[in-house]
Amino acid sequence: MLDNTLGSIVDVPAGYGIDYTRNSILLVELLPVSGPASYDVPVGADLVQQNAFDLSSIISGSTSWSLVSNSNPDLVGTTLLSSSGQVRLTFDSTLADGTATLTFRGENSLGQFGLYTVTVTTTGPLFVDGSAAGANDGSSWSNAFTSLQDALAAAESGDQIWVAKGIYVPGTTREATFQLVNNVKIYGGFMGGESSRTQRDPIANPTVLSGDVDGNDIGPDGIARTPADVVGGNAYHVVTATGGLWQTTLLDGFVITAGQADGLLASQQSGGGLYGNLSGQSLVNCRFSGNQATARGGAIYLEGRDTPDFANCVISGNVADEGAGGALVDAIGGFINCSIYGNDATSSGGGLALLSGSGSTLNNCTVSGNGSGGNGGGIASVDSLLIGYNTIVWG
């Protein structure tokens with residue numbers, strides 16, 4: 001019913017709407033509307049989103065358009081091209097959480113109209129900077145978490161974590177580890193203050209994940225070049241990837257160093273840098289250095305048929321007693337544009353070892369200068385599938 005001071009009219013028929021023209025109330029046939037109900041802006045996206053909506057297509061048959069309402073003009077501004085119905089969105093920042101509900105009207109020359117409502121959402125990353133002095137709630141660079149563990153605890157599927165340069169340890173006990181969170185992307189290499197991921201530089205701004213939980217390792221930059229730089233008892237695993245992580249789980253732009261997998265439990269004896277089980281995480285632009293294991297996989301240990309991917313990674317200066325000073329793969333995974341050098345194993349597979357039934361692809365990789373006391377100074381493969389493309393294996 002439509003009520004006013006003079007009374008009411010009957011229910012509006014389906015497919016019709018009420019329009020107000022001057023002092024008249026008109027019953028008008030509605031134009032069909034078909035468009036997405038939401039528009040999610042990627043974290044750190046461009047401040048200008050060109051051609052976000054095409055109202056001429058969304059409101060079928062419309063030839064003129066207008067903005068009816070914007071619930072949050074402080075978040076997003078709109079520019080409507082009257083000649084085409086294209087809508088441009090503009091933001092002051094795409095690094096903060098916010099929503100705005102926009103309603104557009106499109107009509108034709110007969111006065112028929114349609115209303116299109118869409119919710120625009122921006123989601124900011126969680127910020128981490130060990131030197132931040134603000135509220136430390138992760139909402140901005142100035143209010144960044146000072147601990148990566150705090151950001152991981154707050155992260156939910158789909159989130160991003162941006163980490164400024166510095167040295168981060170997982171805790172104060174040897175059991176402490178950075179457990180990756182499913183479908184969360186973690187980026188290092190920031191100076192602090194950037195507004196886009198393209199501004200980061202992992203080489204100029206080393207972001208170090210260290211197993212030095214007792215704070216006494218050798219090295220002024222916090223990076224162990226070899227296990228000889230490790231003093232005392234370090235974390236068994238610097239990073240852990242368990243629980244069925246998807247390949248959309250990402251660690252990008254970090255140095256992973258000084259893991260010491262020499263515990264009493266079997267699970268504490270492999271994978272000093274990264275221990276993975278039944279997970280398919282991706283690691284990009286990472287360096288594994290100075291990690292060790294009394295069993296297998298000084299730098300990396302993957303078991304339980306993981307499906308991980310490594311791209312643009314360096315694995316060097318890692319040691320394992322039984323096998324695979326660099327990486328042990330009991331999984332199906334791939335290495336792209338990676339360098340594996342200067343790793344050692346007492347038993348076999350100084351650089352890389354593949355266990356029975358596993359498989360791996362080396363694409364544009366270099367495996368060199370690794371050593372073992374047994375078979376496969378560079379690579380040891382036991383009843384497994386290894387495929388190489390444009391790859392050099394030289395020790």
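Residues numbered from 1 in each chain as written. Predicted model: local features only at pLDDT ≥ 70, side-chain atom pairs only at ≥ 80, totals over all residues. Heavy atoms only, no water.

1. Quick notes on the sheet that holds strand 26 (residues 300–303)
What the seven strands build is an open sheet, ordered 15-18-22-26-30-34-38; its pairing is parallel. Every interior strand has two partners, whereas the edge strands, strand 15 (178–179) and strand 38 (379–381), have only one. Here strand 26 pairs with strand 30 (residues 327–329) via three bridges, running parallel. Residue pairing for strand 30: leucine 302 is matched across the bridge by valine 329. (Pairing = 2+ DSSP bridges. Helix = DSSP H or I, 4+ residues; strand = E, 2+ residues; numbered from the N terminus.)

2. Regarding the packing of aromatic side chains
Enumeration according to the criterion identifies nine aromatic pairs in this entry. Summarising the aromatic geometry, the rings of phenylalanine 310 and phenylalanine 335 are spaced 4.9 Å apart at their centres and angled 10° between planes, so their arrangement reads as stacked. Of this pair, phenylalanine 310 sits in strand 27 (residues 309–311) while phenylalanine 335 sits in strand 31 (residues 332–336), and the two are 25 residues apart along the sequence. Here phenylalanine 335 falls in the buried class, since its relative accessible area comes to 2%. Every member of this aromatic cluster is reached through a ring pair, and the members are Tyr39, Phe53, Phe104 and Tyr116. Positioned above the aromatic ring of phenylalanine 113 is the side chain of arginine 105, whose terminal nitrogen or guanidinium carbon lies 4.2 Å from the ring centre. If you follow arginine 197 out to its NZ or CZ, it ends over the ring of tyrosine 187, 4.5 Å from the centre. (Phe/Tyr/Trp six-rings, centres within 6.5 Å; stacked < 30°, edge-to-face > 60°. Buried < 20%, exposed > 50% of the residue type's maximum accessible area, 1.4 Å probe, protein only. Lys NZ or Arg CZ within 6 Å of the ring centre and 35° of its normal.)

3. Digging into the environment of arginine 200
In this fold, arginine 200 is placed in the loop between strand 16 (185–190) and strand 17 (207–210). With twelve residues separating them in the primary sequence, arginine 200 and glycine 188 have C-alpha atoms 7.8 Å apart. Those residues in contact with arginine 200 that sit more than four places away from it in its chain are Tyr187, Gly188, Gly189, Phe190, Glu194, Asp252, Gly253 and Asn285. (Contact = heavy atoms within 4.5 Å.)

4. Re the nonpolar core
One finds Leu148, Ile161, Ile186, Leu251, Phe288, Phe310 and Phe335 to be the most contacted residues of the largest nonpolar core, which totals 57 residues. The greatest single-element share of this core, amounting to four residues, is contributed by strand 13 (residues 160–164). Residues contacting phenylalanine 335, with those up to four places away along its chain left out, are Phe310, Ile315, Ala327, Val329, Leu352, Ser360, Thr361, Leu362, Asn363 and Cys365. With 21 residues, the next largest nonpolar core counts Leu31, Phe53, Ala100 and Val120 among its residues. (Core = buried A, V, L, I, M, F, W, Y, C linked by side-chain atoms within 4.5 Å.)

5. Let's talk about the sheet that holds strand 8 (residues 76–80)
Within the open sheet, the three strands sit side by side as 6-9-8. Their pairing is antiparallel. Unpaired on one side and paired on the other, strand 6 (48–54) and strand 8 mark the two borders of the sheet. The sheet shows a mean angle of 30° between the axes of neighbouring strands, direction not considered. Relative to strand 9 (residues 86–91), strand 6 is paired through four bridges, and the arrangement is antiparallel. Along strand 9, the bridge assignment pairs glutamine 49 with leucine 89. (Axes fitted to C-alpha atoms, helices over the stretch in contact; angles between N-to-C directions.)

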